[in-house]
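Structural features, examined
Letter by letter, the chains look like this.
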Amino acid sequence: MGFQPPAALLLRLLLLQGVLRLLWGDLAFIPPFIRMSGPAVSASLVGDTEGVTVSLAVLQDEAGILPVPTCGVLSNETEDWSVTVTPGAKVLEVTVRWKRGLDWCSSNETDSFSESPCILQTLLVSASRNSSCLAHLLIQVEIYANSSLTHNASENVTVIPNQVYQPLGPCPCNLTAGACDVRCCCDQECSSNLTKLFRQSCFTGVFGGDVNPPFDQLCSAGTMTRGVPNWFPFLCVQSPLANTPFLGYFYHGAVSPKQDSSFEVYVDTDAKDFADFGYKQGDPIMTVKKAYFTIPQVSLAGQCMQNAPVAFLHNFDVKCVTNLELYQERDGIINAKIKNVALGGIVTPKVIYEEATDLDKFITNTETPLNNGSAPRIVNVEEHYIFKWNNNTISEINVKIIRAEINAHQKGIMTQRFVVKFLSYNSGNEEELSGNPGYQLGKPVRALNTNRMNNVTTLHLWQSAGRGLCTSATFKPILFGENVLSGCLLEVGINENCTQLRENAVERLDSLMQATHVAMRGNSDYADLSDGWLEIIRVDAPDPGADPLASSVNGMCLDIPAHLSIRILISDAGAVEGITQQEILGVETRFSSVNWQYQCGLTCKHKADLLPISASVQFIKIPAQLPRPLTRFQINYTEYDCNRNDVCWPQLLYPWTQYYQGEPHSQCVAKGLLLLLFLTLALFLSNPWTRICKAYS
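Residues numbered from 1 in each chain as written. Predicted model: local features only at pLDDT ≥ 70, side-chain atom pairs only at ≥ 80, totals over all residues. Heavy atoms only, no water.

**Some points on the packing of aromatic side chains**
Centre distance and the angle of the planes are the two values used to describe a pair of aromatic rings. By the definition in use, this model includes 11 aromatic pairs. Where tyrosine 279 meets phenylalanine 312, the ring centres are 5.4 Å apart and the plane angle is 25 degrees; that geometry is what we call stacked. Taken together, the positions of tyrosine 279 in the loop between helix H5 (232-235) and strand S9 (297-298) and phenylalanine 312 in the loop between strand S10 (304-305) and strand S11 (316-323) put the pair 33 residues apart, joining distant regions of the chain. Judged by its relative accessible area of 4%, tyrosine 279 falls in the buried class. Taking relative accessible area as the criterion, phenylalanine 312 reaches 1% and is therefore assigned buried. Between the aromatic rings of tyrosine 439 and phenylalanine 480, the centroid separation amounts to 4.7 Å while the plane-to-plane angle is 5 degrees, which identifies the pairing as stacked. Taken as a pair, tyrosine 439 in the loop between strand S18 (411-424) and strand S19 (446-448) and phenylalanine 480 in the loop between strand S22 (474-477) and strand S23 (484-492) lie far apart in primary sequence, 41 residues in all. For phenylalanine 480, a relative accessible area of 0% corresponds to the buried category. Every member of this aromatic cluster is reached through a ring pair, and the members are Tyr279, Phe293, Phe312, Tyr385, Phe387 and Phe422. (Phe/Tyr/Trp six-rings, centres within 6.5 Å; stacked < 30°, edge-to-face > 60°. Helix = DSSP H or I, 4+ residues; strand = E, 2+ residues; numbered from the N terminus. Buried < 20%, exposed > 50% of the residue type's maximum accessible area, 1.4 Å probe, protein only.)

The following block contains the structure:
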């Protein structure tokens, strides 16, 4: 919309004046002209702003007379407008606001969309010193009533169509209720005159309203696509676009709107009791007080939820980081009584306590205040829960709590561990299987150490924390099928004894492999060494006491064992109910040595250097049998290769071929013969066959 001639002339004069004032270093508004379409605008007044006063006036130029700005009578507020000034460093921030609020426009407009603006005015902001005008800011106000800031969505009940039969959102780009969305040509709230402005730039695709695109199987789509096969006209689908396969594909929901439109979050505080008729997998465990039995767990966002319900038959092992200043002891571990109606009673957890030996593994960045005579406090660093289950009930709960005694005012970061395991009621021990019979991916590799009484053990890797030193590193088990590389750092001084350094490195690396045998299968019996237990092959085991080249040079040691390579050979050993079973064929460990030299900067100071040591695990799969060689037909006629083409003729009768492993082959053959019997009976009882028999008789 153009300006009236006086306003246009004043605009040109103000622009020229603003540019010249900036060049001369005088007071000026930046920018000198603003087109206002919202409730507030801002501009900067630069230059010598000391003692400057800002005023606001509404220009009335309907008579065609150029208004002359006067700064004698200064005012920063009118009936509808207000101006505020925020001082800064040699800059004043001038803000002009509409006082009545934009709801005034919507209350005066009865049409959902108006072609003419609701507010059309020209404002003049003047900066003066001692009643002398120094700079001017011209504001052209042009506010429409259909602005998304002024319109509220209709409170009428919206009829949501059943998205199985028609698209839920026929115009996805229509984002603003009661207003025209630019470039959204399917918006019914846009008039024809407005649509002409952006007709050439409409949104395309589903977002632009094409919610029923032609699908590949449609016959009309084949005429627009090149390279379709010759058999396409025989198998294509004749269907209107309204009957598209995309209906109901993106969203499955209710067809009635939610009545409560207020913005609030509803939290279900009443716990639903699932224990009356026994638990199912995933049901929360209940207490006799009809509350959830909770243990801290980690959410999908990585945060630690202190009151997370424990789900039936769901194991987890999580760690939560807590600030000691904010730490609060949880209630109800000892006094908790688990509801178990199916057994006709209550299950009380059996709790045992152990003392933590190394607090550095649990508490970091510690700040211990001076002893002020206050009593120490007890914190739980680890909690292990063993749930014994029988069918859909819980028969026993064993809890082991590892706690530590710290100063009452000690500061730092504490890492807590919470472990929950569900075991069958008739399991003799707490050792779970890693598969039955073959290994499952992600389960720990089972191991034995025949050199000690308690021979059950596992293979480990380092899990560094803090600075990554070996002294503070914890262990994590080696999981079947996962190739891993881990390590830690040894602190070594410039006067380090090389023999002692080798012994220390070998001791650290050997701590990962405190085992002599590994289980061939995931269910090998720990008590029977002949039940699939393989001896670990140790290659090039170093001799810590041997010094190959004794040298008197400080800060240099040769042949330091710094890397342990663990290679595990695995293979497929068959299938159980169509599921491939994997087993371990052998385990080999090998050490690698490096030459260590103390690294000096500008000067060799008496501080410790860092020697990295590492361990790697590699699972190598060996085929149980050589792959079947390709036939001459497969070599010459590649169009019949199932791995290269969509059409696979060798798998025409897929359930009765060797490629199908969903169930045993014998069951597939039996079902196929049963189906063939039904087809034969149907053929004999059919009308044509009856007429043929009558003709012969």
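Now that the structure has been shown, the text picks up again.
**Quick notes on the pattern of salt bridges**
In total, this model carries 11 salt bridges according to the counting rule given. The partner of aspartate 283 in a salt bridge is lysine 280, and the shortest N-O contact between them spans 3.6 Å. You can call lysine 280 exposed: its relative accessible area is 54%. Arginine 403 is paired through a salt bridge with glutamate 355; the nearest N and O atoms lie 3.4 Å apart. (Salt bridge = Lys/Arg side-chain N within 4 Å of Asp/Glu carboxyl O.)

**Some thoughts on the state of the cysteines**
Summed over all chains, the structure comprises eight disulfides. A disulfide bridge connects cysteine 171 with cysteine 186, and the sulfur atoms are separated by 2.0 Å. Between cysteine 171 and cysteine 186, the S-S dihedral sits near 80 degrees, and the bridge is therefore right-handed. Remark: cysteine 186 occurs in the loop between strand S8 (132-143) and helix H3 (192-197) and cysteine 171 occurs in the loop between S8 and H3; sequence separation between them is 15 residues. (Disulfide = S-S within 2.5 Å.)

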